[in-house]
Amino acid sequence: MKLVWVLILFIFCPVTFATDAVEIPRSETVELTDPASKLVYPVFIKTPRSYRSNADKVYPVIYLTDGMYSFQIASGATRFPMNSGAMEEAFIVSLSYSKGSKGASSRIRDYTPSSADDWKLPTGNAEEHALFMREVIFPYMTANYRVSATERTYVGNSLGGLFGAYILFKHPTMFSSYVLGSPSIWFNNHDLLNLKLNESRSPIKVYISVGSLERPQFGEKQDMVAGATKLKNKIVTEAGESVTLKFNIIEDAKHATAFPTTLIQGLDWIYGSPKEEQR
């Protein structure tokens, strides 16, 4: 009986083992340059399992920020549902931090939408970083893979969630769906909430999730639940019928632990098969 379970696990969850590391199957890393800043960014790409056998199929793309962290989580969490047919197959593309920089400085610079005088590290490069994604990364994927030009999902957490909310407000049709985990709406006195949500003629799905323990009374510096709720209310008020939104509070999750649940639940809501009935 134990042998049967071992074979089942091997069939559905194969892993490529190297002599000194575990490799993510069907993955590669490319380096792309932002023409505005001349900074070079590693981009991690994972191809769907059926990509070679389905030569005529065009696939959606899931784009993630904080690549060194998110790529491994997204690859592992989606592998069984995508391989078993419980979730639509998609490319996983994770954008990492600029080469030569520490992760904190790169993400604080690139994921924040405005300049904050009280921060020691540079802030406010979100617009340029969004254009880098649209003008460089998207065309690279289109030129090298069979990917959809319309089915794109953004996934970001914390400052990455703030960055995704900024893109949703300023360039809503860059992505057809958004997964915003524990978004740092508090940044620079909540100034993101002063932006006007640009109207979209295309339908957009937005999944916002936050841990129930992401509040000062549980040791967090910011009230992330209140911030996520304010973001949700603003989108519902201003977006109109073009946006379908789902809001989720993850019980017993802290800021450091909420993201894996946010990611897989959000992607299941967007790509799950059969599609979950809208709530």
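Above: the structure in question.
Residues numbered from 1 in each chain as written. Predicted model: local features only at pLDDT ≥ 70, side-chain atom pairs only at ≥ 80, totals over all residues. Heavy atoms only, no water.

**Quick notes on the sheet that holds strand β3 (residues 27-33)**
Backbone hydrogen bonds hold the strands of a sheet together, and the pairing may be parallel or antiparallel. Overall, mixed pairing links the eight strands, which are arranged β3-β4-β6-β5-β7-β8-β9-β10 in an open sheet. Strands with a single pairing partner mark the edges of an open sheet, and in this sheet they are β3 and β10 (243-250). Taking each pair of neighbouring strands and ignoring which way they run, the sheet shows an average axis angle of 20°. Where strand β8 (residues 177-181) lies against strand β9 (residues 204-211), five bridges are found, and the strand directions are parallel. Looking at the pairing, Tyr-178 lines up with Val-206 of β9. Helix α2 (residues 67-84) rests against β3, β4 (40-46), β5 (59-64) and β6 (91-95) of the sheet, and its axis sits at about 170° to β6. Packing of helix α5 (residues 159-170) onto the sheet brings it into contact with β7 (147-157), β8 and β9, and relative to β7 it is tilted by some 135°. (Pairing = 2+ DSSP bridges. Helix = DSSP H or I, 4+ residues; strand = E, 2+ residues; numbered from the N terminus. Axes fitted to C-alpha atoms, helices over the stretch in contact; angles between N-to-C directions. Contact = heavy atoms within 4.5 Å.)

**Quick notes on the nonpolar core**
Membership of the largest hydrophobic core comes to 55 residues, with the highest contact counts inside it found for Tyr-63, Phe-91, Phe-175, Tyr-178, Val-206, Leu-231 and Ile-235. One finds Ile-62, Leu-64, Ala-74 and Val-179 within the second-largest nonpolar core, a separate group that totals 19 residues. (Core = buried A, V, L, I, M, F, W, Y, C linked by side-chain atoms within 4.5 Å. Buried < 20%, exposed > 50% of the residue type's maximum accessible area, 1.4 Å probe, protein only.)

**Notes on the pairing of β4**
Most of β4 sits out of view: six of its seven residues are buried. The hairpin formed by β3 and β4 contains six residues between the paired strands, and Lys-38 there has a positive phi angle of roughly 70°. Where β4 and β6 come together, four bridges link them in antiparallel fashion. Bridge pairing in β6 places Ile-45 opposite Val-93.

**As for the packing of aromatic side chains**
The tally for this structure, following the rule as stated, stands at 19 aromatic pairs. An angle of 50° between the planes, with centres 5.8 Å apart, marks the rings of Tyr-51 and Tyr-59 as tilted. Take Tyr-51: its relative accessible area is 14%, and that puts it in the buried class. For Tyr-59, a relative accessible area of 0% gives the class buried. (Phe/Tyr/Trp six-rings, centres within 6.5 Å; stacked < 30°, edge-to-face > 60°.)

**A short note on helix α8 (residues 259-271)**
Compared with the 18 Å implied by 1.5 Å per residue over 13 residues, the 18 Å span of α8 between its first and last C-alpha is a close match. If you check which residues of α8 are buried, you get Phe-259, Thr-262, Leu-263, Gly-266, Leu-267, Trp-269, Ile-270 and Tyr-271. Projected down its long axis, α8 carries its buried residues within an arc of 165°, all on one side. Contact partners of the buried residues in α8: β5, α2, β7, β8, β9 and β10. (Expected span 1.5 Å × (residues − 1). Arc of directions from axis to C-beta.)

**Some remarks on the side chain of Ser-114**
In this structure, Ser-114 sits in the loop between α3 (103-111) and α4 (126-144). Residue classification places Ser-114 among the buried positions, given a relative accessible area of 14%. Within the structure, the side chain of Ser-114 is placed 2.5 Å from the side chain of Asp-191, a separation counted as a polar contact. Setting aside its immediate chain neighbours within four residues, Ser-114 contacts Thr-123, Gly-124, Phe-187, Asn-188 and Asp-191. (Polar contact = N/O pair within 3.5 Å; in protein donor to acceptor, adjacent residues only side chain to side chain.)

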